[in-house]
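Residue-level structural notes
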Amino acid sequence: MIKITGSILHLETKKTAYIMEITPSGLLLHHYYHEAVPFYDYRPILQHLEGGMGTACLYEGNPNEFIDALDMELSTIGKGDYREHLLSLYHDEEGFMNNFKVTGYELLDHAPNDGGLPMSYGADQVLDIRLWDEEFQVSCHLIYQVYEESDVITRFLQIKNSSQKSYRLQRAMSLELDMTSNDYSLMTFDGTWSKERHIHEKPLTSGIYIHDSKCGASSNKHNPFVILKEANTNEDQGIAYGLNLVYSGNHATIIEVTPNHKMRVLMGINPHAFETLLAPEAVFTTPEAVMTFSSEGLNELSQHMHHFINHHIVRGPYQNKPRPILLNNWEATYFNFNEKIILEMAKKAKDVGVEVFVLDDGWFGKRTTDNSSLGDWFTNLKKLPHGLSGLSEKIKAMGLGFGLWVEPEMVNMDSDYYRLHPTHALLPKSGKPSLGRNQLHLDLTNPEVQTYLIETLSGIFNEAKVDYVKWDYNRNMTELYSHSAHYQGDYTHRYMLGLYHILDTLVKRFPHVLFESCASGGNRFDLGMLCYMSQIWTSDDTDYYERLFIQSGTSYGYPLSVMGSHVSTTPNHQTLRVTPLSSRFHVACFGLLGYELDLDDLSSEEVQTVKKQIAFYKKYRLHFQYGTFYRGYYSIFNRNNTFWYVKKDEEVIIGFFQGLIHPSMSEDVLRIKGLQPNQTYYLSNIEEKVNLAVFGSLIRMVLPFRIKINGTLHRIICRVYRFKSDQERFIVYGKALSSYGVRLNQQFMGSGFNDRVRVLGDFGSRLYSLVPTNTKTNYHLKRRKD
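The shown structure was predicted, so the numbers you read here are calculated from the model rather than taken from an experiment. (Residues numbered from 1 in each chain as written. Predicted model: local features only at pLDDT ≥ 70, side-chain atom pairs only at ≥ 80, totals over all residues. Heavy atoms only, no water.)

**Notes on unusual backbone geometry**
To be explicit about the condition: Runs of H or I in DSSP of at least four residues are treated as helices and runs of E of at least two as strands, each being numbered from the N terminus. Throughout, exposure labels follow a simple rule: accessible area from a 1.4 Å probe, protein chains only, divided by the maximum for the residue type, with under 20% read as buried, over 50% as exposed, and the rest as partly exposed.
The linkage connecting T570 with the following residue, P571, adopts the cis geometry, with an omega of -5°. Mapped onto the fold, P571 is located in the loop between β29 (563-568) and α10 (581-589). At S194, a position not held by glycine, the phi torsion is positive, near 65°. Positive phi values are uncommon outside glycine, yet S520 reaches one of about 50°. Tracing the backbone through its elements, the reader meets S520 in the loop between β27 (514-517) and α8 (527-530). When its relative accessible area of 14% is taken as the criterion, S520 is described as buried.

The structure is reproduced here in structure tokens:
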């Protein structure tokens, strides 16, 4: 809700409050963003500068308005605030001197959305604060949206030039958060290709910190989502702020901590390589920034963001709906396939329970490698003699949906399209271009390119009757030069506007299609893409162990319902690591399950295992995709194992995941939050069979005869006989589970083995079920013997 008391503007969600003040001089001050608490009056949270601030400047000479020390909502340059600033306009005759004052405010039914940018929807209340720069004759609307159930507040700016002059808009950030520094750390999610969104923490002391992307995309290097947290904050307790941006291009988070412990946080379009001309009557809209606060740790903060994304970012028929299980042919075939191979793969996929078959790269032009044919979006009839329509019809006749890979934003120099339209690509005016994956960017600021892509893709999607589209993006920007534009200073931003126009048109033309964003995996994992595409391919790295890091990091800002996660073959194609099929499945469960392998490469027993895996996932699909997600109190980033869990309707599914095993490891304890304290729960592991082969030559210790390891008899025994895993069964109160936890069975360590020893080994994992005892009518708890 929004409460206005005199000059105080009070925004409130279910658990948080955000409080501003309009001063008599017209400044908009920030006073409070923290836990929602009752206020007798607002004096305790107001700044007090009656004692002066040394050599600081008084804003327009007003008593006590030392602007370099005030907590602002919109900072500029030229009036005495020497910190990093939110907004700056320049004119050759006027110079740098921006002075925006509040002239009024109003509550709106909905936020204006006429800037060509994606944004959230369904806000409970919207506040529009109007500011005016008299000298420049420029207005600024500072717009806040309140999402009460999500505990999220968003904000963005609309800047309009009402003068007869043209200005250079050199910085237009979306978010400013000024507050007293209190030993905060900056938590960022950084990486590179196949190693996205790993957690890094930096203590914030006096200085300026920049977390940004300069590559033309939100990037796998530095995701736009960041967390500010106090020193002792962990998953389940402590103070933390989460910030994100509804944008897919160059972004920046700039933090300045002053020597007197003031902290300013800015987030928005990266000022790097950005300057836009604000012509008379022109309006510039910034991307929407997203804020949330938690006083109960990082899990609660993530749950705020998850709820917000599921209910106010993702839209269309797949919002909060079950996502299908798919099989993608890429790692099974790469470019080497034909119709017969694809149809055989699809039939086997249907037999194990897959719901959508996805045809990946290589179906178009003369493409047999990544050197050619991007831009030539016509079917390769040598591979697919009956065309996409014929293939799709046969796959749909099996009872499967049909999905298709495209990479529309790129072009190969070896393509008919490039030979006809070389200036439709990003190219330098002279010299050779830089290449990424042997391809160039198309110029999406060019209306001709936009029209070509919209109409060509519409024809393909109609012809193939697609149910799913994987939209890829496999290189970053270079040569930021458009041959169709006179002004180049804001190219990367106008590229994003062109992309958003294309996506908006296509998703409206094909509302039934499930679009998945991909950018060499997670190079564009952001809220902007999620406004058009209901899910994102989390990473090209499908290795079980690497996915623990990638999916854990991603989960801080994004829900499982948007994270594509596939079971692939071993040795893994990115790491050559060999991991158990069960572990690959278990980690993929905590996301949108798919398979990316050739089922022909599996044994008959493994095929049956995959069939059982898919049946299990279907049973608990809504838990994994839309249950409340928690990370365990220890992390794979600082320990050899970790656990995650999802809770829906008081039923919890827990995943325990391990890296390398070490002898005499510390005890593993599951501590589960979010339970009814006085309710009893039944905790049990989901039983699986253990292959005798894991014991190697130790098998000789229990056999009455000597056996040759890896010999014929040994292989037969290992193939035919599987013994059940140990059973872990507990009844425990919710209060005990959340405060102390459950001590799991000891892991095998070479000094003893029985039916109460867990056999996980390197890269092992296990799933557990937790249900209230009143829903479990038949259970048996073996009492522990002395």
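There's more to say after this.
**Comments concerning the packing of helix α6 (residues 447-464) against helix α7 (residues 491-509)**
For clarity, the threshold we go by: Where helices are involved, their axes are fitted lines through C-alpha atoms of the stretch in contact, as for all axes, and angles between N-to-C directions lie from 0 to 180°. Angle categories: roughly parallel below 35 degrees, roughly antiparallel above 145, roughly perpendicular from 65 to 115, and oblique for all the rest. Throughout, a crossing is termed right-handed when the near helix is turned clockwise from the far one, and left-handed when it is turned anticlockwise from it by less than a right angle. Note on contacts: a residue pair qualifies if any of its non-hydrogen atoms lie within 4.5 Å across the two residues. Lys, Arg, Asp and Glu make up the charged group, whereas Ala, Val, Leu, Ile, Met, Phe, Trp, Tyr, Cys and Pro make up the nonpolar group; the residues left over, Gly among them, are polar.
Running from N to C, α6 and α7 cross one another at 25°; their axes reach a closest spacing of 10 Å. Here α6 is positioned roughly parallel relative to α7, judged by the angle of their axes. Considering how the two elements wind past one another, α6 and α7 form a crossing that is right-handed. Between α6, through Q450, L453, I454, E455, L457 and S458, and α7, the contact on the second element is made entirely by G498, H501, I502, T505, L506 and R509. Split by residue class, the contact of α6 with α7 holds 5 nonpolar, 5 polar and 2 charged.

**Regarding the layout of surface pockets**
Stated formally: In this analysis a 1.4 Å probe is tested at points of a 1 Å grid over the protein atoms alone, and where it fits but cannot get out there is a cavity; an open set with protein on both sides within 12 Å along at least five of seven lines is a pocket; lining residues have an atom within 4 Å of a point. Grid points are joined across faces, edges and corners, and a volume is the space filled by probe spheres set on the points.
In this structure, the largest pocket occupies an estimated 1,500 Å³ of space. Forming the boundary of the largest pocket are 44 residues, of which P580, S582, E688, K689 and N691 lie nearest the centre. Looking at the lining of the largest pocket, the elements with two or more residues in it are α10, α11 (604-619), β36 (689-691), β37 (722-724) and β42 (765-772). Residue contributions to the lining of the largest pocket peak at 7 residues, all from α11. Here the lining of the largest pocket is built from residues that sort into 17 nonpolar, 16 polar and 11 charged.

**So, empty space enclosed by the protein**
Inspection of every chain in the model, using the stated rule, returns 4 cavities of 30 Å³ or more. If you add up the space inside the largest cavity, you get close to 130 Å³. In terms of lining, the largest cavity is formed by 15 residues, of which the most central are L27, I67, M72, L74 and T76. Here the second largest cavity defines a volume of roughly 70 Å³. Lining the second largest cavity we find P112, N113, D114, G115, L117, P118, M119, F156, T285, T286, P287 and E288. The residue inventory of the lining of the second largest cavity, partitioned by class, reads 6 nonpolar, 4 polar and 2 charged.

**A look at the environment of K165**
Within the secondary structure, K165 sits in the loop between β9 (152-161) and β10 (167-180). Given the relative accessible area of 28%, K165 is considered partly exposed. Distance from K165 to L49, taken between C-alpha atoms, is 38 Å for residues 116 residues apart in sequence. Contacts of K165, omitting those with residues within four sequence positions, involve H91, E93, E94, L278, A279 and P280.

Geometric values such as these leave the question of function open.
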